[in-house]
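Chain by chain, the residues:
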Amino acid sequence: MVVDMDGEKRKRSPCSREEPVTVKKTVKDGKKKCADIPERVTLKKEIGLLSACTIIIGNIIGSGIFISPKGVLEHSGSVGLALIVWVLGGGIAALGSLCYAELGVTIPKSGGDYSYVTEIFGGLVGFLLLWSAVLIMYPTTLAVIALTFSNYILQPVFPNCAPPYMATRMLSTTCLLFLTWVNCSSVRLATRIQDVFTVGKLMALGLIIVVGLVQIFKGNFEGLTPQVAFEFEKTPSVGQIALAFLQASFAFSGWNFLNYVTEEVVEPRRNLPRAIYISIPLVTCVYTLTNIAYFSSMSPEELLSSNAVAVTFGEKLLGMFSVIMPISVALSTFGGINGYLFTSSRLCFSGAREGHLPSLLAMIHFKNCTPIPALLVCCTATIVILCIGETHNLINYVSFINYLSYGVTIAGLLYYRWKKPKLYRPIKVNLLVPVCYLLFWALLLGFSLYSEPLVCGVGLVIMLTGVPVYFLGVHWKDKPKCIYDLIESATHLGQRLCFVVFPQIDPIDISPSPEWTDKSSVKSSMSGNS
């Protein structure tokens with residue numbers, strides 16, 4: 001049956017039938033022997049612990065650490081307070097990731113925030129998160145990372161001026177199209193690229209840290225002494241500090257992205273929390289040391305006047321080898337684009353599977369088992385966003401919507417504990433963890449609304465535009481037949497163009513896991529039967 005955006009079920013076309021594939025086995029003597037072993041067309045579990053860590057690290061370390069230092073310093077007003085914001089930003093991300101680890105093993109579905117909120121609060125709230133994520137949050141983040149990639153690649157070509165507008169957009173689009181093709185071709189290839197480029201970006205940041213530490217050991221740390229570091233030209237308001245945290249949160253965004261691909265993780269109940277516990281402290285340490293390296297070698301005025309902080313850092317300290325820095329940063333952001341494409345496409349896939357997006361987006365390639373339609377939608381939305389907005393304003397919009405969705409999801413964790421107290425939870429964090437996160441979340445959003453009502457208001461309006469879309473597209477069941485026919489024709493055309501079918505379901509997956517049940521409901525059903 002085909003599940004449309006409104007949740008209606010209808011017969012599939014012939015091109016979407018799920019037929020078992022006969023696999024040929026090769027025996028030791030080299031002879032080929034046919035065996036009727038059906039291979040399911042489904043998302044493959046190919047993400048081990050290493051790849052899980054690189055997905056988290058690779059998504060967090062994209063362009064943020066190369067862009068956000070300027071915004072954090074500008075809003076915080078001093079070097080010392082900026083460093084405190086970076087450390088606390090990592091601590092808040094750690095608290096949030098602990099909550100997501102519990103949710104990820106309690107509700108073992110791909111889709112992250114969207115899947116958890118839909119399960120806990122119902123379809124409308126889940127759809128609003130999905131709508132804002134697909135419409136602006138992830139396309140905007142991808143666009144910002146892609147623009148950073150093109151700016152750093154073109155920086156050596158245009159050393160004395162900003163790269164041309166069209167050149168940056170064309171290079172960003174080319175990069176997006178190439179990585180979309182990679183992700184459409186093979187999950188394994190996409191994860192290998194993520195592994196390699198995550199190591200590359202850690203090496204790039206390692207180079208910055210080492211050079212900065214050398215400067216400190218040479219005695220160039222005047223700007224880091226407490227007397228100088230906490231000098232304020234103008235005392236920042238609480239709202240400005242909140243905006244500094246929003247800028248830092250952009251650099252840490254992506255800590256929850258492994259939850260979007262839970263169903264493709266090998267042994268998710270073990271590897272999901274392990275990957276989170278390894279990755280978040282590592283990134284926080286790297287970010288803090290990177291900022292210390294920046295401030296050991298650059299004055300606040302130099303950092304604020306630079307459009308490419310890492311390149312300015314390299315030009316000042318690496319001399320003839322300064323060309324290494326823009327190339328390293330470009331490779332880092334290249335890996336970030338790959339990671340965001342990989343995970344955001346799974347969000348579209350999960351939304352379509354729940355009936356909140358067109359059913360075509362819930363289909364995968366019959367041979368490569370990759371969600372090609374979802375990947376194409378993410379790529380197209382990002383290309384559209386590429387030509388809209390200024391980078392720092394886009395970061396503020398995205399950071400606000402990000403924090404809003406995080407808070408709703410973690411509030412859902414508390415509600416779910418109250419609603420289903422006896423539900424089996426392989427991981428159960430201390431109650432203070434979500435409470436502390438939500439207190440910080442409420443303060444940050446409240447002061448952000450007070451300081452930048454326009455930015456936050458635009459973010460809220462974008463999210464709320466999904467309400468009429470939900471009621472027209474999902475809740476309204478009795479649509480005219482012509483609408484159903486149009487959706488059916490578009491779905492069939494998409495299937496033929498992309499060679500995609502619905503994933504086949506393993507009978508084991510259909511039966512409820514004993515671990516994902518409410519013990520109280522099990523007991524009541526048993527007593528009822530007796």
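Rules and cut-offs
- Residues numbered from 1 in each chain as written.
- Predicted model: local features only at pLDDT ≥ 70, side-chain atom pairs only at ≥ 80, totals over all residues.
- Heavy atoms only, no water.
- Helix = DSSP H or I, 4+ residues; strand = E, 2+ residues; numbered from the N terminus.
- Buried < 20%, exposed > 50% of the residue type's maximum accessible area, 1.4 Å probe, protein only.
- Contact = heavy atoms within 4.5 Å.
- Areas by Shrake-Rupley, 256 points an atom, 1.4 Å probe, with all protein chains shown as cover.
- Core = buried A, V, L, I, M, F, W, Y, C linked by side-chain atoms within 4.5 Å.
- pLDDT = per-residue confidence, 0-100.
- Lys, Arg positive; Asp, Glu negative; His and termini not counted.
- Salt bridge = Lys/Arg side-chain N within 4 Å of Asp/Glu carboxyl O.
- Polar contact = N/O pair within 3.5 Å; in protein donor to acceptor, adjacent residues only side chain to side chain.
- Disulfide = S-S within 2.5 Å.
- Patch = residues over 30% accessible without salt bridge, like charges linked within 9 Å, V, L, I, M, F, W, Y side chains within 5 Å.
- Phe/Tyr/Trp six-rings, centres within 6.5 Å; stacked < 30°, edge-to-face > 60°.
- Lys NZ or Arg CZ within 6 Å of the ring centre and 35° of its normal.
- Axes fitted to C-alpha atoms, helices over the stretch in contact; angles between N-to-C directions.
- Parallel < 35°, antiparallel > 145°, perpendicular 65-115°, else oblique.
- Left-handed = near helix turned anticlockwise from the far one by under 90°.
- Nonpolar A, V, L, I, M, F, W, Y, C, P; charged D, E, K, R; others polar.

A few words on the overall build of the protein. What the protein contains, in helices and strands, is 21 helices and six strands. Counting over 530 residues, the protein shows a buried share of 54%. Restricting the contact set of the protein to residue pairs at least 6 apart, pairs at least 24 apart contribute 81%. When the accessible area of the protein is evaluated, it comes to approximately 23,100 Å², of which 68% is carbon and sulfur surface.

With 138 residues, the main nonpolar core has Leu258, Tyr287, Ile337 and Tyr403 as its most contacted residues. If one sorts the elements of this core by residue count, helix H5 (residues 123-154) sits on top with 15 residues. Tyr287 has contacts with Ile60, Ile61, Ile65, Trp86, Ala251 and Phe252, leaving out every residue within four places of it along the chain.

Fine structural detail should not be taken from predicted coordinates in areas where pLDDT scores are low. Of the residues in the protein, 83% have a pLDDT of 70 or more, and the chain-wide mean is 79. When the criterion is pLDDT under 50, residues 1-38 qualifies, and its contacts beyond four places in sequence or with other chains add up to 81 contacts. Note on residues 507-530: pLDDT is under 50 here. Beyond four places in sequence and across chains, it has 20 contacts.

All right, on to the side chain of Asp113 then. Mapped onto the elements, Asp113 comes out in helix H4 (residues 113-121). Although Asp113 lies buried, it forms no salt bridge, and the closest oppositely charged side chain, Arg353, sits 13 Å away as judged by the N-O distance. In terms of polar contacts, Asp113 uses its side chain to reach the side chain of Asn256, at 3.0 Å. Beyond its immediate chain neighbours, meaning those up to four positions away, Asp113 contacts Tyr100, Leu129, Asn256, Tyr260, Ser405, Tyr406 and Thr409.

Counted by the stated rule, this structure contains eight salt bridges. Here Lys109 makes a salt bridge to Glu119, at a shortest N to O gap of 3.5 Å. Of this pair, Lys109 sits in the loop between helix H3 (79-106) and H4 while Glu119 sits in helix H4; the two residues are 10 residues apart in sequence, bridging distant segments of the chain. With a closest N to O distance of 3.8 Å, Lys109 and Glu354 form a salt bridge. Of this pair, Lys109 sits in the loop between H3 and H4 while Glu354 is found in the loop between helix H13 (324-353) and strand E5 (364-365), placing the two residues 245 residues apart along the sequence. Its relative accessible area of 35% is what places Glu354 among the partly exposed residues. It is possible to trace a salt-bridge network through shared partners that takes in Glu102, Arg417 and Arg425.

Right, let's get into the state of the cysteines. In protein chemistry, a disulfide is the covalent bond that joins the sulfur atoms of two cysteines. Applying the stated rule across the entire model yields zero disulfides. Cys184 forms no disulfide, and the closest cysteine sulfur to it belongs to Cys498, at a distance of 7.8 Å. You can call Cys184 buried: its relative accessible area is 11%.

Among the surface-exposed residues, Met320, Phe321, Val323, Ile324, Ile327 and Leu331 lie close enough to one another that they form a single nonpolar patch of about 590 Å² accessible area. Within the fold, Phe321 resides in the loop between helix H12 (309-317) and H13.

In this section: the packing of aromatic side chains. As enumerated under the stated definition, the model contains 23 aromatic pairs in all. Between Phe245 and Phe440, the ring centres sit 5.2 Å apart and the planes meet at 75°, which makes this aromatic pair edge-to-face. Here Phe440 lies in helix H16 (residues 432-451) and Phe245 lies in helix H9 (residues 238-252), a separation of 195 residues in the sequence. Exposure remark for Phe245: the relative accessible area of 11% places this residue in the buried category. Overall, Phe440 belongs to the buried group, its relative accessible area being 19%. Taken together, the ring pairs in this structure connect Phe149, Phe178, Trp181, Phe197 and Phe334 into an aromatic cluster. The ring of Phe342 has Arg346 lying over it, and the distance from NZ or CZ to the ring centre is 4.1 Å.

Once that is clear, we can look at the packing of helix H7 (residues 187-217) against helix H10 (residues 268-297). Relative orientation of the contacting elements H7 and H10 amounts to 45°, with a least axis distance of 8 Å. In this view, H7 runs oblique relative to H10, as classed from their interaxial angle. In the packing of H7 onto H10, the handedness of the crossing is left-handed. Within the contact between the two elements, H7 uses Leu202, Leu205, Ile208, Ile209, Gly212, Gln215 and Ile216 and H10 uses Val286, Leu289, Thr290, Ile292, Ala293, Tyr294, Ser296 and Ser297.

So, about the environment of Cys369. Mapped onto the secondary structure, Cys369 falls in the loop between E5 and helix H14 (372-386). According to the relative accessible area criterion, Cys369 is buried, its value standing at 4%. Residues Cys369 and Cys184, spaced 185 residues apart in sequence, show a C-alpha to C-alpha distance of 8.7 Å.

Closest axis-to-axis distance for the H10/H12 pair is 11 Å, and the angle between their directions is 50°. In terms of axis orientation, H10 runs oblique to H12. Handedness of the crossing formed by H10 with H12: left-handed. Across from Ala293, Tyr294 and Ser297 in H10, the residues of H12 making contact are Val309, Ala310, Phe313, Lys316 and Leu317. Across the contact of H10 with H12, the residue classes tally to six nonpolar, one polar and one charged.

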